[in-house]
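# Structural characterization, general
Listed here are the chains, written in short residue letters.
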Amino acid sequence: MTRGIVALNAGSSSIKFGAYRIDSDGSPVHVAGGKIEKIGLSPSLLVRTDGGDVLLERQWPDGANLEHEQLLGEFIEWAIGHLGEHRLVAVGHRVVHGGARFIEPMLVDDALLGELGRLSALAPLHQPHNLAAIRAIARILPDIPQVACFDTAFHATRPEVATRFALPRRFHEQGIRRYGFHGLSYEYVARHLAVIDPVLAGGRVIVAHLGNGASLCAMHCGKSVDTTMGFTALDGLMMGTRSGSLDPGVVLHLIRQMGMRAEEVEALLYHQSGLLGVSGLSSDMRTLEQSGAPEAEDAMVLFAWRAAREAGGLVSSLGGLDGIVFTAGIGENDAAMRARICKGMAWAGIAIDADANAANADVISTPDSRVTVRVVPTDEERMIALHTLALLERGA
Ligand code: ADP
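Read on for an overview of the structure. (Residues numbered from 1 in each chain as written. Predicted model: local features only at pLDDT ≥ 70, side-chain atom pairs only at ≥ 80, totals over all residues. Heavy atoms only, no water.)

### So, the overall build of the protein
Spelled out, the test is: A run of H or I in DSSP counts as a helix once it spans at least four residues, and a run of E counts as a strand once it spans at least two, with each numbered from the N terminus. Here the globule rule is a power law, 2.2 Å times the number of residues to the power 0.38, and the radius of gyration is based on C-alpha atoms. Partly exposed residues are those whose accessible area sits between 20% and 50% of the maximum for their type, while under 20% is buried and over 50% is exposed, using a 1.4 Å probe and protein chains only. For this analysis, residues touch if any pair of their heavy atoms sits within 4.5 Å. Here the accessible surface of atoms and residues is derived via Shrake-Rupley with a 1.4 Å probe, and residues count as covered only by protein chains that are part of the display. Charge counting follows a simple rule: Lys and Arg are positive, Asp and Glu are negative, and His as well as the terminal groups are ignored. By convention, the point assigned to a charge is CZ for Arg, NZ for Lys, CD for Glu and CG for Asp.
Scanning the protein from terminus to terminus reveals 15 helices and 13 strands. On C-alpha atoms alone, the protein measures out to a radius of gyration of 21 Å, which is about the 21 Å that the 2.2 N^0.38 rule sets for 396 residues. Its C-alpha atoms give the protein principal-axis dimensions of about 55 × 55 × 45 Å. By the burial criterion, 52% of the 396 residues in the protein qualify as buried. Counting only contacts in the protein whose residues sit at least 6 apart along the sequence, the fraction spanning at least 24 positions is 63%. Surface exposure of the protein reaches about 17,800 Å², of which carbon and sulfur atoms provide 53%. If you average the places of the 35 positive and of the 45 negative side-chain charges in the protein, the two averages end up 6 Å apart.

As structure tokens, this is what we get:
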């Protein structure tokens, strides 16, 4: 009997997942993937094969107050049934924060769960959901090993200077430092690049993960040397609903002069800012592009300007630039936004081939562009599956 594993990426309102069978050569082969969406509102579950065939579809009524555990239960029941002759041997999870200590995937036990729970204070909007999924699986499948894969871990290779804030030293010792996120996505892109373009993978590359959450990673030889997210996933680029970097004096002003409470400031910076806040219309880039409203244009201009500006900073961290890789929802699909960002970086010797860009081609730079620009679809679930498998093999 062959073995199967499931990779889960549990967020606040959605859970993405991939089911894999383990091939005879030990590599994970994708069997199906999908998403549970709108948790807390009107949840739906959709599972598809790689070819796009729908394998399972469920829609719950509005107000069905279903928690992660019930929804996951439905999916896991399906996964076990569908894996069929492939026996489920492990479940891997994306865990946003591993703190300073957990810099590689870990087998989950009660002690680890306790430590990760304490890190929830550093990622209050993500970590509790990641851990809720782990607890749910532990209840549904108590004998199945679970593996936690950390979004912060990929950035453990950065020099110390890239991790410090200019605060008194004791704060750094207490864990108030720049961690960086989206590590599973960056690791997947780094590995993939090493296969499709080993020369570029050995150089100085900025990877732009542009989805609802967005960040940039400066990589040298496939290792993170700097990144735009910091202590939390709020730092750096402008995002769908998050402000990105902000003068900390603004936060003080909101509290002291405008009388806002901490929870109100948190809601403002995480949920009401970014593309949504500036456009006043939507956090969704597609919607803004179709809108035609001047406020939507303002939001897109600022998004591109901030991305090019932050990328300029990372060029200094890298000491030059050989390539840019675009990934995630906007990075993979939005030719107009890629063109805007690259235009803002033309000074670095970047020239885009308009046709290749419009086609979301693998390489979108012109042959004489000094910097190679690529599009690589990310696959965080595969990275979780690879780590889970590697850890199981090591354990065995
Ligand atoms: P998440 O961070 O939630 O995983 P995604 O990586 O799915 O987010 O990215 C979502 C963003 O990608 C949204 O702003 C969406 O509008 C944008 N996007 C997806 N497809 C396209 C497209 N074809 N053109 C423009 N933007 C797109």
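### Focus on the state of the cysteines
The condition that has to hold: The disulfide definition used here is simple: a pair of cysteine sulfur atoms within 2.5 Å.
This structure, assessed with the given rule, holds 0 disulfides. Cysteine Cys342 remains unbridged, with the sulfur of Cys217 as its closest cysteine sulfur at 17 Å. Cys342 gets classed as buried once you look at its relative accessible area, which sits at 2%.

### Thoughts on the packing of aromatic side chains
Counted only if it meets this: Between 30 and 60 degrees the pair is tilted, below 30 it is stacked and above 60 it is edge-to-face, where a pair is any two Phe, Tyr or Trp rings, Trp via its six-membered ring, whose centres lie within 6.5 Å.
Scanning all chains against the criterion turns up 2 aromatic pairs. Arranged with centres 5.8 Å apart and planes meeting at 25 degrees, the rings of Phe102 and Phe150 form a pair that is stacked. Here Phe150 lies in strand E8 (residues 146-150) and Phe102 lies in the loop between strand E6 (87-95) and strand E7 (106-107), a separation of 48 residues in the sequence. In this structure, Phe102 and Phe150 share a single accessibility class: buried.

### Structural notes on unusual backbone geometry
One non-glycine residue with positive phi stands out, namely His182, at about 60 degrees. With relative accessibility at 7%, the residue His182 sits in the buried group. Positive phi, normally seen in glycine, also occurs at Ala328, with a value near 75 degrees. Here Ala328 is to be found in helix H12 (residues 328-333).

### A look at the site of the ligand
For clarity, the cut-off: Only heavy atoms are used to decide nearness, and a residue is near a molecule or strand if one of them lies within 4 Å of it. We define a polar contact as two N or O atoms separated by no more than 3.5 Å, with the added condition that, inside protein, one atom must be a possible hydrogen donor and the other a possible acceptor, whereas residues neighbouring each other in sequence contribute only through side-chain atom pairs. All residues other than Ala, Val, Leu, Ile, Met, Phe, Trp, Tyr, Cys, Pro, Asp, Glu, Lys and Arg, Gly among them, are scored as polar; the first ten of these are nonpolar and the last four charged.
Taken together, 13 residues are adjacent to the ligand, and Lys16, Asn212, Asp284, Met285 and Gly329 come closest. Contact between the ligand and Met285: an oxygen atom at 3.0 Å from a main-chain N or O atom of the residue. With respect to the ligand, the side chain of Asn333 contributes an N or O atom lying 3.4 Å from a nitrogen atom. Where the shell around the ligand is concerned, the elements lending two or more residues are helix H10 (285-291) and H12. Broken down by element, the residue count for the shell around the ligand peaks at 4 residues, all from H12. In terms of residue class, the shell around the ligand is made up of 3 nonpolar, 5 polar and 5 charged.

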